[in-house]
Amino acid sequence: MHATPHAVSPPAPAAAPRATDRGADTAPWQRELARAIRDPADLCRALGLDPALATAAPAGFPLLVPRPFVARMEHGNPHDPLLRQVLPVGAEAVEQSGFTADPLHEAAALAAPGLVQKYAGRALVLVSGACAVHCRYCFRREFPYAEHGATLAGTEAAVEAIAADETLTEAILSGGDPLMADDARLAALVRRLDAIPHLRRLRIHTRLPIVLPERVTDALVATLAASRLTIVVVVHANHPAELDDAVAVALRRLAAAPALLLNQAVLLAGVNDSAAALRGLSERLVDIGVLPYYLHLLDRVRGAGHFEVPEARGLELHRQLRDTLPGYAVPRLARELPGEPAKVWIA
Ligand SMILES: *Cc1c(COP(=O)(O)O)cnc(C)c1O
């Protein structure tokens with residue numbers, strides 16, 4: 001049906017950080033992350049592609065992709081939809097009007113260091129500035145995390161701000177990717193949030209269970225299971241080929257915590273801008289126990305113009321989904337517009 005998994009050749013000794021550089025007590029997911037691919041030519045070679053296909057990544061946003069995700073790419077296919085999401089290309093350097101560094105005006109929405117609040121009742125904690133994968137269309141690709149206290153101290157300030165605001169019923173852990181924090185740090189954070197009486201829900205926005213399913217550790221599941229809060233996990237997959245059996249197992253374990261599992265995707269040219277890809281994504285998500293939540297139109301971040309799909313085309317694709325899928329398998333087509341009280345539903 002989709003890309004068959006292929007073994008990825010071992011890292012070139014000089015290019016990838018070695019697992020042995022880390023302490024012996026690092027978790028398997030951290031060791032896997034340490035051997036992630038960071039060199040575009042290495043990525044091309046691992047897929048049997050001409051290394052000349054690779055362009056140098058921009059300094060501020062280098063290539064980063066874990067090997068379990070690379071293993072789901074189709075060998076020898078330069079147009080693989082997973083590869084396109086992570087391989088830096090020359091088109092990123094093309095300036096396009098309307099594409100800016102901070103398209104969602106997030107710097108202006110900081111309620112406290114490390115806390116972004118735009119919408120009523122819920123606020124977003126920037127737990128970690130790091131991610132396990134650098135998606136080329138990321139709207140925070142230029143976000144200055146360090147300036148905004150996305151550090152341990154920043155999380156404490158965010159927790160205090162949530163505790164002081166009784167209108168908040170939901171804390172959203174975000175980043176970067178919040179699951180880049182280790183299990184001990186997450187457990188401490190969840191305990192702090194548990195103790196805030198006006199909070200009812202804890203939401204985690206993460207791509208780690210998709211790109212590195214080993215991240216769903218026993219300790220993480222135990223932390224979620226022990227919380228008094230209702231847990232919602234919003235994962236991020238854009239194409240059905242991302243959802244292999246290891247991902248399905250990891251998501252089942254999260255669901256058993258229990259957690260409500262939702263997916264958000266971004267509509268991306270050359271990745272999932274066809275009815276077949278979007279329908280396949282929805283069908284596969286439902287098969288593995290995840291409800292499609294949002295299908296976002298691209299945030300117009302500098303360097304991502306080549307991923308844009310016109311809104312009219314998005315509407316047409318969405319209509320085809322509605323015509324062929326059960327209602328619960330159809331994501332909301334949405335766009336975020338700075339200053340609006342909620343994400344704008346296009347359909
Ligand atoms: C997207 C977002 C949310 C969540 O919005 P929902 O519509 O509830 O999923 C919350 N806070 C911020 C800052 C966001 O960008």
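So, how was this worked out
- Residues numbered from 1 in each chain as written.
- Predicted model: local features only at pLDDT ≥ 70, side-chain atom pairs only at ≥ 80, totals over all residues.
- Heavy atoms only, no water.
- Helix = DSSP H or I, 4+ residues; strand = E, 2+ residues; numbered from the N terminus.
- Rg over C-alpha atoms; globule rule 2.2 N^0.38 Å.
- Buried < 20%, exposed > 50% of the residue type's maximum accessible area, 1.4 Å probe, protein only.
- Contact = heavy atoms within 4.5 Å.
- Areas by Shrake-Rupley, 256 points an atom, 1.4 Å probe, with all protein chains shown as cover.
- Lys, Arg positive; Asp, Glu negative; His and termini not counted.
- Charge placed at Lys NZ, Arg CZ, Asp CG, Glu CD.
- Pairing = 2+ DSSP bridges.
- Domains from an automatic or database assignment.
- Salt bridge = Lys/Arg side-chain N within 4 Å of Asp/Glu carboxyl O.
- Polar contact = N/O pair within 3.5 Å; in protein donor to acceptor, adjacent residues only side chain to side chain.
- Nonpolar A, V, L, I, M, F, W, Y, C, P; charged D, E, K, R; others polar.
- Disulfide = S-S within 2.5 Å.
- Core = buried A, V, L, I, M, F, W, Y, C linked by side-chain atoms within 4.5 Å.
- Near = heavy atom within 4 Å.
- Phe/Tyr/Trp six-rings, centres within 6.5 Å; stacked < 30°, edge-to-face > 60°.

### With respect to the overall build of the protein
1) Next: For the protein, the helix and strand inventory stands at eleven helices and ten strands.
2) Next: Since a compact globule built from 347 residues should have a radius of gyration of about 20 Å, the 19 Å found for the protein is in line with a globular shape.
3) Next: The C-alpha extent of the protein, read off along each of the three principal axes, is 55 × 50 × 40 Å.
4) Next: The 347 residues of the protein split such that 53% are buried.
5) Next: For the protein, long-range pairs separated by at least 24 residues make up 81% of all intrachain contacts whose partners lie at least 6 apart in sequence.
6) Next: Within the structure as shown, the protein displays about 14,600 Å² of accessible surface, and the carbon and sulfur contribution to it stands at 56%.
7) Next: Treating the 35 positive side-chain charges of the protein as one cloud and the 38 negative ones as another, the clouds have centres 2 Å apart.

### Topic: the pairing of strand 3 (residues 122-128)
1) Next: Among the seven residues that make up strand 3, six are buried, leaving the element largely enclosed by the rest of the structure.
2) Next: Of the pairings in the sheet, the one linking strand 2 (residues 115-119) to strand 3 comprises three bridges and is antiparallel in character. The residue of strand 3 that forms the bridge with Tyr119 is Arg122.
3) Next: Pairing between strand 3 and strand 4 (residues 170-175): six bridges, direction parallel. The residue of strand 4 that forms the bridge with Leu126 is Ser174.

### Describing the sheet that holds strand 6 (residues 230-236)
Backbone hydrogen bonds are what pair the strands of a sheet, in a parallel or an antiparallel way.
1) Next: Read across the open sheet, the ten strands follow the order 1-2-3-4-5-6-7-8-9-10; overall the sheet is mixed. Bordering the open sheet on either side are strand 1 (110-112) and strand 10 (344-345), each of which pairs with just one other strand.
2) Next: Relative to strand 6, strand 5 (residues 201-206) runs parallel, the two being bridged by six bridges. Within the sheet, the bridge partner assigned to Thr206 lies in strand 6 and is Val235.

### Quick word on the pairing of strand 7 (residues 260-266)
Remark: a regular strand shows side chains that alternate across the two faces of the sheet.
1) Next: Counting buried positions along strand 7 gives six out of seven residues, so the element sits mostly inside the fold.
2) Next: Sheet topology places strand 6 next to strand 7; five bridges connect them, and they run parallel. Counterpart to His236 in the pairing with strand 7 is Gln264.

### Remarks on the domain arrangement of the protein
1) Next: With domains assigned, the protein is organised as domain 1 (19-93) and domain 2 (106-345).
2) Next: Domain 1 and domain 2 are separated by 22 Å when their C-alpha centres are compared.
3) Next: Each partner contributes residues to the interface: domain 1 has 25 residues there, and domain 2 has 34 residues.
4) Next: Viewed at the interface, domain 2 and domain 1 are joined by three salt bridges.
5) Next: Here Glu92 makes a salt bridge to Arg141, at a shortest N to O gap of 2.9 Å.
6) Next: Counting across the domain 1 and domain 2 interface gives 15 residue pairs in polar contact (both at pLDDT 80 or more).
7) Next: Elements supplying a minimum of two residues to the side of domain 1 that touches domain 2: helix 1 (28-34), helix 3 (67-70) and helix 4 (81-86).
8) Next: For the side of domain 1 that touches domain 2, the residue count by class is 19 nonpolar, two polar and four charged.

### Overview of the state of the cysteines
1) Next: Counted under the stated rule, the structure contains zero disulfides.
2) Next: The thiol sulfur of Cys131 is not disulfide-bonded, and the nearest other cysteine sulfur, from Cys138, lies at 6.2 Å.
3) Next: The exposure class of Cys131 is partly exposed, given its relative accessible area of 22%.

### Notes on the nonpolar core
Considering soluble globular proteins, one finds that nonpolar side chains tend to be buried as a cluster.
1) Next: With 93 residues, the main nonpolar core has Leu43, Val65, Met73, Ile162, Leu173, Leu193 and Leu251 as its most contacted residues.
2) Next: Viewed by domain, this core spans two of them, domain 1 (19-93) and domain 2 (106-345), each represented by three or more residues.
3) Next: The next biggest cluster of nonpolar side chains, apart from the first, holds seven residues, and it includes Ala109, Val116, Leu124 and Tyr145.

### Overview of the environment of Leu229
1) Next: By the element assignment, Leu229 lies in the loop between helix 8 (218-226) and strand 6.
2) Next: Given the relative accessible area of 5%, Leu229 is considered buried.
3) Next: With residues up to four places along the chain from it excluded, the contact list for Leu229 reads Leu193, Asp194, Leu199, Arg200, Arg201 and Leu202.

### Side note on the site of the ligand
1) Next: Around the ligand, the structure places Val116, Lys118, Tyr119, Arg122, Leu124, Ile172, Arg203, Tyr293, Tyr294, Glu336 and Lys343.
2) Next: Arg122 has a polar side-chain atom sitting 2.6 Å from an oxygen atom of the ligand.
3) Next: A distance of 2.8 Å separates an oxygen atom of the ligand from a polar atom in the side chain of Arg203.
4) Next: When the ligand sits alone it has 390 Å² of accessible area, and the protein chains cover 93% of it.
5) Next: Listing elements by their share of the shell around the ligand, those giving two or more residues are strand 2, strand 3 and strand 8 (291-296).
6) Next: It is strand 2 that provides the largest number of residues to the shell around the ligand, a total of three residues.
7) Next: Considered class by class, the residues forming the shell around the ligand number six nonpolar, no polar and five charged.

### Overview of the packing of aromatic side chains
Working definition: an aromatic ring pair is given by the centre-to-centre distance plus the angle between the planes.
1) Next: One pass over the structure, following the stated rule, counts two aromatic pairs.
2) Next: Judged by centre distance (5.8 Å) and plane angle (85 degrees), the ring pair of Tyr137 and Phe307 falls under edge-to-face. Taken together, the positions of Tyr137 in the loop between strand 3 and helix 5 (152-163) and Phe307 in the loop between strand 8 and helix 11 (311-324) put the pair 170 residues apart, joining distant regions of the chain.
3) Next: Centroid distance Tyr293 to Tyr294: 4.1 Å. Interplanar angle 35 degrees. Geometry classified as tilted.
4) Next: For Tyr294, a relative accessible area of 10% translates into the label buried.

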